[in-house]
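Examining the three-dimensional arrangement
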Amino acid sequence: MKYIYLLLTLFTATLLWSIINPKEGFTCFLEIIPAIIGLLILALTFKKFSFTNFTYTLILIHCIILFIGGHYTYAEVPFFDYIKEVFHQSRNNYDKVGHFAQGFVPAMIIRELFIRKKVISNQSFFNFIIICICLAISAAYEWIEWFVSIATGDGGDAFLGTQGYVWDTQSDMLFATIGAITSLLLFSKTQDKEIVKFYA
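First, a word on what this report is: a plain description of the structure on this page. The residue numbers shown here count from 1 along each chain, following its written sequence. Under the rules for a predicted model, residues below a pLDDT of 70 receive no local features and side-chain atom pairs below 80 are neither given nor counted, while totals for whole chains, interfaces and linings still include all residues. As a convention, hydrogens and water are excluded, and side-chain values are obtained from all of the structure's heavy atoms.

1. A few points about the layout of surface pockets
A cavity here means a set of points on a 1 Å grid, drawn over the protein atoms and nothing else, where a 1.4 Å probe fits but cannot get out; a pocket is an open set with protein on both sides within 12 Å along at least five of seven lines, and a residue lines either one if it has an atom within 4 Å of a point. Grid points are joined across faces, edges and corners, and a volume is the space filled by probe spheres set on the points. Roughly 1200 Å³ of volume is contained in the largest pocket. Around the largest pocket, the lining is made up of 49 residues, and of these Pro-34, Ala-35, Gly-38, Ile-59 and Cys-63 lie nearest the centre. For the lining of the largest pocket, the secondary structure elements donating two or more residues are α1 (2-19), α2 (25-45), α3 (53-72), α5 (94-116), α6 (126-152), α7 (157-160) and α8 (168-199). Here a strand is any run of E in DSSP of at least two residues, a helix any run of H or I of at least four, and the numbering for each starts at the N terminus. The greatest single-element share of the lining of the largest pocket, amounting to 12 residues, is contributed by α2. For the lining of the largest pocket, a count of residues per class yields 37 nonpolar, 7 polar and 5 charged. Basically, the charged four are Asp, Glu, Lys and Arg, the nonpolar ten are Ala, Val, Leu, Ile, Met, Phe, Trp, Tyr, Cys and Pro, and anything else, Gly included, counts as polar.

In structure tokens:
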């Protein structure tokens, strides 16, 4: 439980940092609200179902990525401006980090739920279904970005974050898919061990 409190402390500290003098207040709100909603869901369901510390750590990392994007906007994160200049990129690509995490972290969340709740009996389709769900989440988020941009006009441009790149939506979903596949390839065994320890 001490570890959970540590994660909550880091979450709160980073959240507070993100909302102090953000680049654009409305964009900051839009970027951090999924993390806040996620925290509320996790808190309300904690007694019925708590994840392993491994999965909670990944969730925190994803939240911090959102908070950084909220504070600076995804198109203006300073370190990625530096990367843009050094590697002569045409845009600030911090948003691709966010979309990679959008596949990477949910894949581990879904995988743990599937294993512990015994959702799928046929393991042959296990990873395929997880990747499909992550892609669906990514597509749904693109719909939200599209709706907000239409509804708010110029106010939603920073949230949309295309930076003039015509294939931004498609590449966002691609990065989420790559993130999900990478997560399953690299951390499935680690998560299995953490689940075993959780029940020990």
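Once the structure has been displayed, the description carries forward.
2. Thoughts on the pattern of salt bridges
Once their charged atoms are close, side chains differing in charge can pair, the charge on each being opposite to the other. A pair is scored as a salt bridge if a Lys or Arg side-chain nitrogen falls within 4 Å of a carboxyl oxygen belonging to Asp or Glu. A complete count under the given rule lists 7 salt bridges for this structure. As a salt-bridge pair, Lys-23 and Glu-76 come within 3.3 Å of each other at their nearest N and O atoms. Placement of the pair is Lys-23 in the loop between α1 and α2 and Glu-76 in the loop between α3 and α4 (78-86), with a sequence separation of 53 residues. Take Lys-23: its relative accessible area is 52%, and that puts it in the exposed class. Think of it in three bands: residues with accessible area under 20% of the maximum for their type are buried, residues over 50% are exposed, and the middle band is partly exposed, with areas taken using a 1.4 Å probe on protein chains only. You can call Glu-76 partly exposed: its relative accessible area is 33%. Two residues, Lys-197 and Glu-194, come together in a salt bridge whose shortest N-O distance is 3.3 Å. Taken together, the residues span about one helical turn, with Lys-197 and Glu-194 both in helix α8 at a distance of 3 residues.

These figures capture arrangement, not role.
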